[in-house]
Amino acid sequence: MFKKKKSKQPPGDLNNKPGEVPLAQRIIDPRLPVNHGERFTLQKTWKAMSRKGTDAALAIFLRIFKEHPEYKSHFKCLPPSLDVTDEDQLRDCDAFVEHAGVVMGALDDAVSKLDTPDEYMESLKELRIFHQSHVSGFNKTYTQVFYKHLLIVCEDVLEERYNDKVRGIYTKYWEFYTNQVAGE
């Protein structure tokens, strides 16, 4: 009885005018490394990381200390007698667990603030200033090591959800994030 009018636009572009860039591909803010679609994927998949909370952050730092035990000297909160190569000692250290929770909170914050670019950029600036003033000799090497182990832990936690698309988004986003914290 009624014939459905055929749309000249591809599926998924129904809210766009002809020739307009699809919403998912639009840039949120030129200062940010992700577009709308990538932000959506990042925020959706990050929820699984966030549910792991402190455990995910602990895993990152356990990996870092296994590879770089000398980094302990940058963590003033850790007792001098703590052996950072001993996973049980680290997990039993309240200061270490608390620090991991703070780090995970900062990572959660970084993902959620993508919706408000000005707040996001300000929080990166504050994080950079904090690290530069509290970590002697702080430089890009530290953030690169963190970035490397963050991605490994993300892959472990997300399992099959960490497909090529998500890997690409996480790589681009967290590289940008750690470079900003390093002051690049």
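Residues numbered from 1 in each chain as written. Predicted model: local features only at pLDDT ≥ 70, side-chain atom pairs only at ≥ 80, totals over all residues. Heavy atoms only, no water.

A. Representation of the nonpolar core within the structure. Within the largest apolar cluster, 53 residues are counted, with the highest numbers of intra-cluster contacts made by Trp46, Tyr120, Tyr170, Tyr173 and Trp174. Every element with two or more residues in this core is listed here: α1 (36–67), α3 (94–112), α4 (117–134), α5 (140–158) and α6 (164–182). Broken down by element, the residue count for this core peaks at 12 residues, all from α1. Beyond its immediate sequence surroundings of up to four residues, tyrosine 120 is in contact with Leu32, Ala110, Lys113, Leu114, Tyr173, Phe176 and Tyr177. (Core = buried A, V, L, I, M, F, W, Y, C linked by side-chain atoms within 4.5 Å. Buried < 20%, exposed > 50% of the residue type's maximum accessible area, 1.4 Å probe, protein only. Helix = DSSP H or I, 4+ residues; strand = E, 2+ residues; numbered from the N terminus. Contact = heavy atoms within 4.5 Å.)

B. Summary view of the layout of surface pockets. Its boundaries defined by the atoms lining it, the largest pocket holds a volume of some 660 Å³. What lines the largest pocket is a set of 25 residues, and nearest its centre among them are Phe61, Phe75, His99, Val103 and His131. Of all the secondary structure elements, the ones that give two or more residues to the lining of the largest pocket are α1, α3, α4, α5 and α6. (1 Å grid on protein atoms, 1.4 Å probe; cavity = no way out; pocket = protein on both sides within 12 Å on 5 of 7 lines; lining within 4 Å. Points joined across faces, edges and corners; volume = space filled by probe spheres on them.)

C. Structural detail: α1. With 32 residues, α1 should cover 46 Å at 1.5 Å per step; its first-to-last C-alpha distance of 36 Å lies more than 12% under that length. The largest bend in α1 amounts to roughly 90° and is located at glycine 53. (Expected span 1.5 Å × (residues − 1). Bend = angle between axes of the 7 residues up to and from the residue.)

D. The arrangement of a positive patch on the surface in detail. On the surface, a cluster of positive charge is made up of Lys44, Lys47, Arg51, Lys52, Arg161 and Lys165. Per-element tally for the positive patch: the top contributor is α1, with 4 residues. Its place among the elements puts lysine 47 in helix α1. Judged by relative accessible area, lysine 47 falls into the exposed class, the value being 53%. (Patch = residues over 30% accessible without salt bridge, like charges linked within 9 Å, V, L, I, M, F, W, Y side chains within 5 Å. Areas by Shrake-Rupley, 256 points an atom, 1.4 Å probe, with all protein chains shown as cover. Salt bridge = Lys/Arg side-chain N within 4 Å of Asp/Glu carboxyl O. Lys, Arg positive; Asp, Glu negative; His and termini not counted. Charge placed at Lys NZ, Arg CZ, Asp CG, Glu CD.)

E. Focus on unusual backbone geometry. Although it is not a glycine, glutamate 159 sits at a positive phi angle of roughly 50°. Within the secondary structure, glutamate 159 sits in the loop between α5 and α6. Exposure remark for glutamate 159: the relative accessible area of 52% places this residue in the exposed category.

F. Structural detail: the environment of leucine 158. Inspection of the secondary structure assignment puts leucine 158 in helix α5. For leucine 158, a relative accessible area of 0% gives the class buried. As a C-alpha pair, leucine 158 and tryptophan 46 span 112 residues in sequence and 8.7 Å in three-dimensional space. Once residues lying within four places of it in the same chain are set aside, the contact partners of leucine 158 are Thr45, Ala48, Met49, Val166 and Tyr170.

G. Broad picture of the packing of α1 against α3. Running from amino to carboxyl end, α1 crosses α3 at an angle of 145°, the nearest separation of the two axes being 9 Å. The hand of the α1/α3 crossing is right-handed. (Axes fitted to C-alpha atoms, helices over the stretch in contact; angles between N-to-C directions. Left-handed = near helix turned anticlockwise from the far one by under 90°.)

H. Highlighting the pattern of salt bridges. This model, assessed by the stated rule, comprises 9 salt bridges. Across the pair glutamate 67 and lysine 148 runs a salt bridge whose closest N-O atoms are separated by 2.8 Å. Residue glutamate 67 is located in helix α1, and its partner lysine 148 is located in helix α5; the two are separated by 81 residues in the primary sequence. With a closest N to O distance of 3.1 Å, glutamate 155 and arginine 167 form a salt bridge. Of this pair, glutamate 155 sits in helix α5 while arginine 167 is found in helix α6, placing the two residues 12 residues apart along the sequence. For arginine 167, a relative accessible area of 29% gives the class partly exposed.

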